[in-house]
Amino acid sequence: TRTVVWQEDFTAPNVGSVARISPSPRNSPLDGLAFAFSEPIQTATLDMDDLTLTLNGGPNLLTEAQTISFVSGNTFQINGLTALTGEDGRYLLTVNGTGVVDLAGNTGVGSKSLNWLMDTLPPSSNIAAYSGNASQVIVLSITGADTISENGATPSGIRNYDIYVATDNGPFLL
């Protein structure tokens, strides 16, 4: 006697996740990025037409020079991004599931996107002394791809900075 278990799959695969970029903002190019589907797919149905990478909202940067490799289970990786992700700006990678097919023949649905900032310019500081009322005030302004702003404007990506003050030409104090 043989027992056969039959289970039909009517669930369409979708893009389950795209790996996070760490750190963001970055200061070095990214070589590869992993992404996963909600279930196994027919590997042959996944190609570069299912992926887009843009810089600052521009055209798709991906070419035949990039490759997609199977990692394991439902996970794949796009490789060869180093030459494309070295310029400063905001990158957006989108994985579109509508071009893939699962093992039961169901066509994929949905998409997932991930964005990150590339910032290779180090912040610079400009220190100007101001003398008045027998004390010296140091004014620090930081500039870079993201800048510190005042009066409720968009804040910068700079999370920590130190300001030193000297009084009556004394030592600088934090």
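For the structure itself, consult the block above.
The shown structure was predicted, so the numbers you read here are calculated from the model rather than taken from an experiment.

Visitor: Quick one: what's the story with the sheet that holds strand S1 (residues 15-18), residue by residue and with numbers?
Guide: Taken together, four strands build an open sheet; the order of strands is S1-S2-S5-S4 and the sheet is antiparallel. The sheet is open, and its two borders are formed by S1 and strand S4 (67-72), each paired with just one other strand. With strand direction ignored, the average angle separating the axes of adjacent strands in the sheet is 30 degrees.

Visitor: Which residues make up the sheet that holds strand S3 (residues 51-55), and what values do they have?
Guide: What links the strands of a sheet is backbone hydrogen bonding, and the strands pair in either a parallel or an antiparallel sense. The strand order across the open sheet formed by three strands is S3-S6-S7, and the pairing between neighbours is antiparallel. With partners counted over all chains shown, the strands left at the sheet margins are S3 and strand S7 (111-118), one partner each. On average, each strand axis in the sheet is tilted by 15 degrees relative to the strand beside it, whichever way the strands run. Here five bridges tie S3 to strand S6 (residues 89-96), and the two strands are oriented antiparallel to one another. Paired with Leu55 across the bridge in S6 is Tyr91.

Calculation rules
Residues numbered from 1 in each chain as written. Predicted model: local features only at pLDDT ≥ 70, side-chain atom pairs only at ≥ 80, totals over all residues. Heavy atoms only, no water. Pairing = 2+ DSSP bridges. Helix = DSSP H or I, 4+ residues; strand = E, 2+ residues; numbered from the N terminus. Axes fitted to C-alpha atoms, helices over the stretch in contact; angles between N-to-C directions.

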